[in-house]
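The primary structure of each chain is shown beneath.
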Amino acid sequence: MTTTQDDRGELDRAAHAAARHRELFGTEPEGFFAAPGRANLIGEHTDYNDGFVMPLALPHITTITASRRADRLLRVHSRDVPGPTVELSLDGLTPGTVKGWAGYPAGVAWVLLGAGHRLGGADLYVESDVPTGAGLSSSAALEVVTALALSELNGLGLTPEELARHSQRAENDFVGMPCGILDQMASACCAAGHVLYLDTRDLSSRQVPFDMAAEGLRLLVMDTQVKHAHADGAYGQRRAECEAGAVALGVPALRDVAYPDLDAALARLDATGLDNGVIRRRVRHVVTEDRRVERVIELLEAGRPREIGPVLTEGHASLRDDFAVSCPELDLVVAASTEAGALGARMTGGGFGGSAIVLVEADATAAIGEAVTAAFDAAGHRRPRIFEALPSAGARRGALP
Ligand code: ADP
Ligand code: MG
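Residues numbered from 1 in each chain as written. Chains lettered and ligands numbered in written order. Predicted model: local features only at pLDDT ≥ 70, side-chain atom pairs only at ≥ 80, totals over all residues. Heavy atoms only, no water.

A. Focus on the site of ligand 1. Around ligand 1, a shell composed of 18 residues is seen, among which Ser 78, Asp 80, Gly 133, Ser 138 and Ser 139 lie nearest. Here Ser 78 contributes a side-chain N or O atom positioned 2.6 Å from a nitrogen atom of ligand 1. A molecule is said to occupy a pocket when more than half its atoms come within 2 Å of that pocket's grid points, and by this definition ligand 1 occupies the largest pocket. Of all elements in the fold, only strand E6 (122-128) and helix H3 (138-153) reach the threshold of two or more residues within the shell around ligand 1. A per-element tally of the shell around ligand 1 places H3 first, with three residues. Split by residue class, the shell around ligand 1 holds eight nonpolar, eight polar and two charged. (Near = heavy atom within 4 Å. Polar contact = N/O pair within 3.5 Å; in protein donor to acceptor, adjacent residues only side chain to side chain. 1 Å grid on protein atoms, 1.4 Å probe; cavity = no way out; pocket = protein on both sides within 12 Å on 5 of 7 lines; lining within 4 Å. Sits in = over half its atoms within 2 Å of the grid points. Helix = DSSP H or I, 4+ residues; strand = E, 2+ residues; numbered from the N terminus. Nonpolar A, V, L, I, M, F, W, Y, C, P; charged D, E, K, R; others polar.)

Pasting the structure below:
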């Protein structure tokens, strides 16, 4: 199994980052912070419909070493993006003016200032092993770790939920990506060994034990390493279609269409004559997906984890056929892995490329990985990167050596 994960211990990573911090900024870091990427077990494109999601944090993390400055500058440097240190004035931050990756940390600072928090200047050094653009939320990891670092440097004492809310606002209003709150809540709030069952309407949540290994199961992430064009525009379009569906049905959000009322709701939608079938399919995905989250939680809590497999695969079909956010590579992961005996598989994250998750019996891990790889070879696609999704801890302060 190949992995891009940085296998050094967290203290080693901190020591290395601290040395780079000194070189870059000529000053000692005061804190070391980490926030993970995530995989979503089930509940896709439900978060901006006030619905339910169930993510787990990955062992892959974005880290920041941070130190305060006496002036009002925010200086940010990422190991992972070629280019010089980006230097910004905290007092001159405006949406749309910060190009490239620095928009994420700058956006977080802008949101915190806008919320009335007092911030001083800071030097931030970023390193990550979260694959970027792979649907595993490297952007949320970067936002959340920035929010945590700024909160701690400035004594703001923000809660994990506040870190997530500020981070989402940064991505929405500063970077300009209209994402829901799934990714940021996952990065801020997940716990090791658990999936987070989250109601995105009021952010009430429950940590659900998810020890696949003890059950003889493995959850694999297969990163197709493809990103199809127009993904961001299509995301905004899906969001608008869902909002149109809610308006047509007279509900605040699609979450308010109860699963038993789905057929009646679809008939009402048909009767409006407004829709050519697109909104109907979007509505059906969201309502059935919320139901699938409930089914997965029931099965996990009843100690029947193998039975979530078909629910995951059904969720993929819904994303592919009703929500139209899959792509040939993701469909191939699902088809090839389930044909080779996986218990279930689905794309995870926003779609149009990125990653799928695959639930397998532990002893079938290698064979299923090989079957998917062979199918990709036969189709002429670049091979996916495959690694195990071990439910890991959410954002935290780490030790500096
Ligand atoms: P995803 O969140 O699925 O990985 P996005 O397109 O939402 O994909 O976010 C990826 C972007 O986040 C990158 O293009 C980059 O701008 C920023 N980013 C993520 N990780 C880092 C990092 N370690 N250093 C600098 N920028 C990063
Ligand atoms: Mg993202």
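Don't stop here, the text continues.
B. Broad picture of the sheet that holds strand E8 (residues 205-209). Ordered by their spatial adjacency, three strands build an open sheet running E2-E7-E8, and the pairing between neighbours is antiparallel. Both edges of this open sheet fall to strand E2 (52-53) and E8, since each of them pairs with a single strand only. Pairing geometry for E2 and strand E7 (residues 194-199), over two bridges, is antiparallel. By the bridge assignment for E7, Val 53 is matched with Leu 198. (Pairing = 2+ DSSP bridges.)

C. Representation of the sheet that holds strand E10 (residues 344-348). Spatially, the four strands line up as an open sheet ordered E10-E11-E9-E12, and their pairing is antiparallel. Every other strand in the sheet has two partners, leaving E10 and strand E12 (385-388) as the edge strands with one partner each. Taking each pair of neighbouring strands and ignoring which way they run, the sheet shows an average axis angle of 25 degrees. The sheet contact formed by strand E9 (residues 217-227) and E12 spans four bridges and is antiparallel. Looking across to E12, one finds that Met 222 is bridged to Ile 386. (Axes fitted to C-alpha atoms, helices over the stretch in contact; angles between N-to-C directions.)

D. Local environment of the side chain of Ser 138. The residue Ser 138 is located in helix H3 in this model. With sequence-adjacent residues up to four places away left out, Ser 138 is seen in contact with Val 130, Pro 131, Thr 132 and Gly 133. (Contact = heavy atoms within 4.5 Å.)

E. Highlighting the environment of Ala 229. By the element assignment, Ala 229 lies in the loop between E9 and helix H6 (231-249). We classify Ala 229 as exposed; its relative accessible area is 58%. In sequence terms Ala 229 and Phe 352 are 123 residues apart; their C-alpha atoms lie 8.0 Å from each other. (Buried < 20%, exposed > 50% of the residue type's maximum accessible area, 1.4 Å probe, protein only.)

F. Quick peek at the layout of surface pockets. Estimates place the volume of the largest pocket at around 920 Å³. In this structure, the largest pocket is lined by 42 residues; those nearest its centre are Gly 133, Ser 138, Ser 139, Glu 171 and Lys 227. Elements supplying a minimum of two residues to the lining of the largest pocket: E6, H3, helix H4 (160-175), helix H5 (182-189), E9, H6 and strand E11 (353-361). Taken together, the residues that form the lining of the largest pocket break down as 16 nonpolar, 17 polar and nine charged. Two domains each provide a minimum of three residues to the lining of the largest pocket, namely domain 1 (5-207 + 392-398) and domain 2 (210-388). (Points joined across faces, edges and corners; volume = space filled by probe spheres on them. Domains from an automatic or database assignment.)

G. Inspection of the pairing of strand E1 (residues 31-40) at higher detail. The element E1 is largely enclosed, with a buried count of 10 among its 10 residues. Two strands pair when backbone bridges link them, and E1 and strand E3 (residues 55-68) are joined in this way by nine bridges, in the antiparallel orientation. Paired with Gly 31 across the bridge in E3 is Ala 66. Inspection of the sheet shows E1 paired to strand E13 (residues 396-398) by three bridges, in the antiparallel sense. From the neighbouring strand, Phe 33 faces E13, where its bridge partner is Arg 397.

H. Summary view of the pattern of salt bridges. Using the criterion set out here, one finds 39 salt bridges in the structure. We note a salt bridge from Arg 79 to Glu 127, for which the minimum N-O separation is 3.4 Å. Taken together, the positions of Arg 79 in the loop between strand E4 (73-78) and strand E5 (86-89) and Glu 127 in strand E6 put the pair 48 residues apart, joining distant regions of the chain. Here the salt bridges do not stand alone but share partners, grouping Asp 6, Arg 8, Arg 13, Arg 79, Asp 80, Glu 127 and Asp 129 into one network. (Salt bridge = Lys/Arg side-chain N within 4 Å of Asp/Glu carboxyl O.)

I. The domain arrangement of the protein, seen in detail. Under the domain assignment used here, the protein contains domain 1 (5-207 + 392-398) and domain 2 (210-388). Listed per partner, the contact involves 36 residues of domain 1 and 43 residues of domain 2. Carbon and sulfur atoms supply 63% of the area buried between domain 1 and domain 2, which totals about 3,200 Å² over both sides. The largest per-residue losses of area from domain 1 upon contact with domain 2 belong to Leu 41, Ile 42 and His 45, which jointly make up 20% of the total buried on that side. At the boundary of domain 1 with domain 2, the tally comes to four salt bridges. The closest approach of N and O atoms between Asp 256 and Arg 201, which form a salt bridge, is 2.7 Å. Counting the contacts that link domain 1 with domain 2 gives 19 residue pairs in polar contact (both at pLDDT 80 or more). For the side of domain 1 that touches domain 2, the secondary structure elements donating two or more residues are E1, E2, E3 and E7. Of all the elements, E7 adds the most residues to the side of domain 1 that touches domain 2, at four residues. Looking at side-chain class alone, the side of domain 1 that touches domain 2 contains 17 nonpolar, 12 polar and seven charged residues. (Buried area = accessible area lost by both parts, 1.4 Å probe.)

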